[in-house]
Amino acid sequence: MQIPLLDLKAQYATIKEEMLTAVSEVLESQRCIGGPRVSELEEKIAAISDSRFAVGVSSGTDAILNSLMSLGIGDGDEVITTPFTFFATVGCIVRAGAKPVFVDIEPKTFNINPELIEPVVTEKTKAIMPVHLFGQMADMDPIMEIANKYNLAVIEDAAQSITSTYKGRKAGSIGATGCFSFFPSKNLGGIGDGGMIVTNDEQLYGRLFIMRNHGSKPKYYHKHIGGNFRLDAIQAAALLVKLPHLDEWSEGRRRNAAYYDKEFEGTFVQTPYVSPECVSVYNQYCIRVPNRDEVLAHLREKNIGCEIYYPVPLHLQECFRSLGYKEGDCRQAEKAAKEVIALPVYPELTDEMKDYVVDAVFEVEGN
Ligand SMILES: *Cc1c(COP(=O)(O)O)cnc(C)c1O
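Every residue gets a number counted from 1 within its own chain, in the order that chain's sequence is written. It should be noted that, the model being predicted, local features are given only for residues of pLDDT at least 70 and side-chain atom pairs only at 80 or more, the latter also being counted only at that level, while totals for whole chains, interfaces and linings use all residues. Excluded from the side-chain calculation are hydrogens and water; included are all heavy atoms of the structure.

1. Structural notes on the sheet that holds strand β9 (residues 195-199)
Sheet strands pair via backbone hydrogen bonds, and the direction of the pair is either parallel or antiparallel. Two strands make a pair as long as DSSP finds a minimum of two bridges between them. By the criteria applied, helices consist of DSSP H or I runs no shorter than four residues and strands consist of E runs no shorter than two, each listed in order from the N terminus. The seven strands lie next to each other as β1-β9-β8-β5-β4-β2-β3, forming an open sheet whose pairing is mixed. The open sheet is flanked by β1 (53-57) and β3 (99-102), the only strands paired with a single partner. Sheet twist, expressed as the average angle between the axes of neighbouring strands with direction ignored, equals 25°. Taken together, the four bridges between strand β2 (residues 78-81) and β3 define a ladder with parallel strand orientation. Bridge pairing links Glu78 to Lys99 in β3. Along the sheet face, helix α4 (residues 87-95) touches β2, β3, β4 (125-129) and β5 (153-157) and points at about 140° away from the line of β3. Of the strands in this sheet, β1, β8 (177-181) and β9 touch helix α6 (residues 202-211), which is tilted by about 15° from β1. Axis definition: a line fit to C-alpha positions, over the contact stretch in the case of helices; interaxial angles, taken between N-to-C directions, run 0 to 180 degrees. Residue contacts are counted whenever heavy atoms from the two residues lie within 4.5 Å of one another.

Structure (structure tokens):
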């Protein structure tokens, strides 16, 4: 059997006709950037995220970069974040001109440990950027408490967690901005790159909107320097076809996760912990095993798609060496990087496929 980590062809087969119609409508209109489909998507993403405003952008990365730029975060500023995330989170902080300050993760959730934030706040700190990793939100209450105490902005990197909840509140709706990605492997994936920023702050919304288009307002008059962060109409049209299915797809992911949880219970496999305060959308199902590299090799031999998110915590990346972090500075992230392995959890998986994955994990010698 061959089981990919994600099977977008299986998903496409279920929506092909609608998708072709939607894309064709954009082509016929030749309104290729912005336009009514983008506005409609913005309204709908704001609504499902319990947020007042949304700004469609070119990627999840640009959602983060635009948030930082629109909040005026740059040279000399510090942003507190997690080292256990996709590169973009921290790449954007540095590209904005600010300095990332890493704090370690909670080993159970893989998310930033709020207890470690306050000790690293300085007079240069301007923001906290929690990442809602693998589909589960970070522990937002203590993060917001610290942010309010020191007047810091909170930028939620919700690229992996659209519609996920924490104490009933939606990902992206708690901080100053929430950043979503429509990269094809995310729960709501486009047919190329795309992203969205949500906010409840009307003034900030105005700034995000202007910064998306080179900071231009009125046209060709620039009070601020923005970028080209625009969303293509064809992406919005494709995403509008997929959006009505998002909840059912997330439910399918949760069902698959529950199946694996049960199969792995009481074994050497540590299954993902979901806090009782959270509903995860399982962008990834990451187990922890002590003999990770053996398990990975065996699964790959059996044609099971799996991946390591993430093999090198960001504080140890070569390009950030000048920040001065070293091995041992974020021990939980470093340990997780050696033990995690993401298994296929996409909604179209059958029981037979899941059994094949589970059996393959158990087959590894020494277990
Ligand atoms: C995917 C992702 C991003 C970047 O999104 P793109 O759309 O690929 O630019 C940022 N942060 C996290 C945590 C992600 O998973």
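Picking up after the structure, the text goes on.
2. Quick notes on the site of the ligand
With respect to spatial proximity, 16 residues lie near the ligand, and among them Gly60, Thr61, Asp157, Ser181 and Lys186 are the closest. Definition of a polar contact: a pair of N or O atoms within 3.5 Å, with one able to donate and the other able to accept a hydrogen when the atoms are protein atoms, and with sequence-neighbouring residues admitted only if both atoms are side-chain atoms. Thr61 is positioned such that a nitrogen or oxygen atom in its side chain is 2.4 Å from an oxygen atom of the ligand. Side-chain polar atom of Lys186 to an oxygen atom of the ligand: 2.9 Å apart, as the coordinates give it. Protein burial of the ligand: of its 380 Å² of free accessible surface, 93% is covered by the chains. Those elements giving two or more residues to the shell around the ligand turn out to be α3 (60-70) and α4. With three residues, α3 is the single largest residue contributor to the shell around the ligand. Ten residue types, Ala, Val, Leu, Ile, Met, Phe, Trp, Tyr, Cys and Pro, are classed as nonpolar, four, Asp, Glu, Lys and Arg, as charged, and the remainder, Gly among them, as polar. Residues of the shell around the ligand, tallied by class, amount to six nonpolar, eight polar and two charged. Near residues are defined by distance, with any heavy atom within 4 Å of the molecule or strand qualifying the residue. We get accessible surface area from the Shrake-Rupley algorithm with a probe of 1.4 Å; when it comes to residues, only the shown protein chains can shield them.

3. Re unusual backbone geometry
Of the consecutive residues Lys217 and Pro218, the connecting peptide bond is found in the cis state with omega at -10°. For Pro218, the location among the structural elements is in the loop between α6 and α7 (233-242). Between Tyr309 and the following residue, Tyr310, the backbone shows a cis peptide bond with an omega angle of 5°. The backbone phi angle of Gln30 is positive, close to 55°, even though this residue is not glycine. When you line up the elements, Gln30 lands in the loop between α1 (8-29) and α2 (36-48). Partly exposed describes any residue whose relative accessible area lies between the buried limit of under 20% and the exposed limit of over 50%, with all areas from a 1.4 Å probe on protein chains only and scaled to the type maximum. For Gln30, a relative accessible area of 54% corresponds to the exposed category. Of note, Asn303 is a non-glycine position whose phi angle comes to about 60°, a positive value. For Asn303, a relative accessible area of 40% puts it in the partly exposed group.

Nothing here speaks to function; it is all geometry.
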